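Commentary on secondary and tertiary structure
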Amino acid sequence: STLSSSSSAQTTASSTTQTVTSSATQITQTVPSSSSSSLLSLPSSSALSLAPSSSTSSNTANAISSSSSNVSNSNNPINSDNQNENNLNQPKLLEKLSESDINRYLNTIELQLEVSSWFAAQTPRLFFSLFGAQKTKCDAVEILLPYNFPLAQRLMVDFRLPHVQICRTTLNNLARSKQTTKVFGLLENLRLKLNEKDWDYVVTGVIEVFAKELKDVAKAEKFLKSLKGERAKFEACVICGKLKTAYQLATKQQSITQATQDVLIVKNEASMLIQEGKDETVLGEVLKLCTKYLANNQKSNP
């Protein structure tokens, strides 16, 4: 009888062990494999990190433990009531997003996909995160402008970027690299997008690069006709050394005070160029005209 009882106890223990082992196997099989491949692959230079955190395994284990605990508690009415009370006392972990916030994020994601797709096809491949700093967005637009103007324009509008300064910087960089055709092409796209003041500002920048930095006055003069305002035309003529035209523009102004100041600017510029050994024939004539104008206005306005 004692042997029979012992044998029965061993059989019960063996059965219990198999049941526990089987349950553990089932729980293990429900844990997702951590070696599954990612659905999204970004260049190594990406500012976004999509790698799983080091606490993923720990979080999974905690989730399983929590799930087991909840199952156990659900069978106990007292524990279930205590759990519900604790859930009510816990603070909210997620802040509710408004509809406008959701739309904004979705729009940014759509733009990010377009920008990443375009840059991925270029050499070298670059990556710009639209979820980062404003400077990163501006850098992306400066590259896009000459090649994909519609996309660049969307970025400037949607993110409210300083579009005038971006356009001037891009045009100046194109001029420095002597890509004259692209300069004219970008200006053509911008012609109806900028008001007169902003238009003259970006065109004057191109003229300054060609005339002052590259010492290519002939190429700079090709952009003089693009200017709209009289003030911008006067300043550009001074930059290009077309002082006789600058003198004529100065003397046409209605304000005698402003005209006198501009004529004085032309006179000083002519004197400096003569000292540098420039053509004294034309410059000497401009110098005489300026001197005569200033003398006459000093007499009429003592």
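Predicted model only: the values in this text are computed from it and were never measured. (Residues numbered from 1 in each chain as written. Predicted model: local features only at pLDDT ≥ 70, side-chain atom pairs only at ≥ 80, totals over all residues. Heavy atoms only, no water.)

Looking at the packing of aromatic side chains
- On inspection of all chains with the given rule, the structure shows six aromatic pairs.
- With a centroid separation of 6.4 Å and an interplanar angle of 40 degrees, the aromatic rings of tryptophan 118 and tyrosine 147 are classed as tilted. With a gap of 29 residues between them, tryptophan 118 in helix H4 (residues 99-120) and tyrosine 147 in the loop between helix H5 (134-144) and helix H6 (149-158) connect regions that are remote in the sequence.
- Under the relative-accessibility criterion, tyrosine 147 is labelled partly exposed at 48%. (Phe/Tyr/Trp six-rings, centres within 6.5 Å; stacked < 30°, edge-to-face > 60°. Helix = DSSP H or I, 4+ residues; strand = E, 2+ residues; numbered from the N terminus. Buried < 20%, exposed > 50% of the residue type's maximum accessible area, 1.4 Å probe, protein only.)

Here we look at the side chain of asparagine 172
- Within the fold, asparagine 172 resides in helix H7 (residues 163-176).
- Classification of asparagine 172 as buried rests on a relative accessible area of 10%.
- Beyond its immediate stretch of four places on either side in the chain, asparagine 172 contacts Gly205, Val206 and Val209. (Contact = heavy atoms within 4.5 Å.)

Describing H7
- With 14 residues, H7 should reach 20 Å at 1.5 Å per residue; the first-to-last C-alpha distance of 20 Å fits that figure.
- For H7, the full list of buried residues reads Val164, Ile166, Cys167, Arg168, Thr170, Leu171, Asn172, Leu174 and Ala175.
- Residues of H7 that are buried sit in contact with H5, H6, helix H8 (180-190) and helix H9 (196-213).
- One or two steps after H7, the chain reaches lysine 178, where phi turns positive at roughly 60 degrees. (Expected span 1.5 Å × (residues − 1).)

Some points on the nonpolar core
- Within the largest apolar cluster, 45 residues are counted, with the highest numbers of intra-cluster contacts made by Leu145 and Ile207.
- Those elements that place two or more of their residues in this core are H4, H5, H6, H7, H8, H9 and helix H11 (230-240).
- Considering every element that reaches this core, the biggest residue donor is H9, with eight residues.
- Every residue in contact with leucine 145, bar those within four places of it in the chain, is listed here: Ala152, Met156, Ile166, Cys167, Thr170 and Leu186.
- Grouped together as the second largest cluster of nonpolar side chains are 18 residues, Cys237, Leu243, Tyr247 and Leu273 included. (Core = buried A, V, L, I, M, F, W, Y, C linked by side-chain atoms within 4.5 Å.)

Considering the confidence of the model for the chain
- In this model, the chain carries an average pLDDT of 78, and 67% of its residues clear a pLDDT of 70 or more.
- Here residues 1-17 scores under 50 on pLDDT; set against residues more than four positions off or in separate chains, the count is zero contacts.
- The model gives residues 19-75 a pLDDT under 50, and that stretch makes 18 contacts with residues more than four places away or in other chains. (pLDDT = per-residue confidence, 0-100.)

Re the pattern of salt bridges
- Under the definition given, this model contains 11 salt bridges.
- Between lysine 233 and glutamate 230 there is a salt bridge, with its nearest N and O atoms 3.7 Å apart. Here glutamate 230 and lysine 233 lie together in helix H11, a separation of three residues that amounts to about one turn.
- We classify lysine 233 as partly exposed; its relative accessible area is 27%.
- In this structure, aspartate 262 and arginine 231 form a salt bridge, with 2.5 Å as the shortest nitrogen-oxygen distance. Here aspartate 262 is found in helix H13 (residues 256-275), whereas its partner arginine 231 is found in helix H11, with 31 residues between them in sequence.
- Under the relative-accessibility criterion, arginine 231 is labelled partly exposed at 36%. (Salt bridge = Lys/Arg side-chain N within 4 Å of Asp/Glu carboxyl O.)

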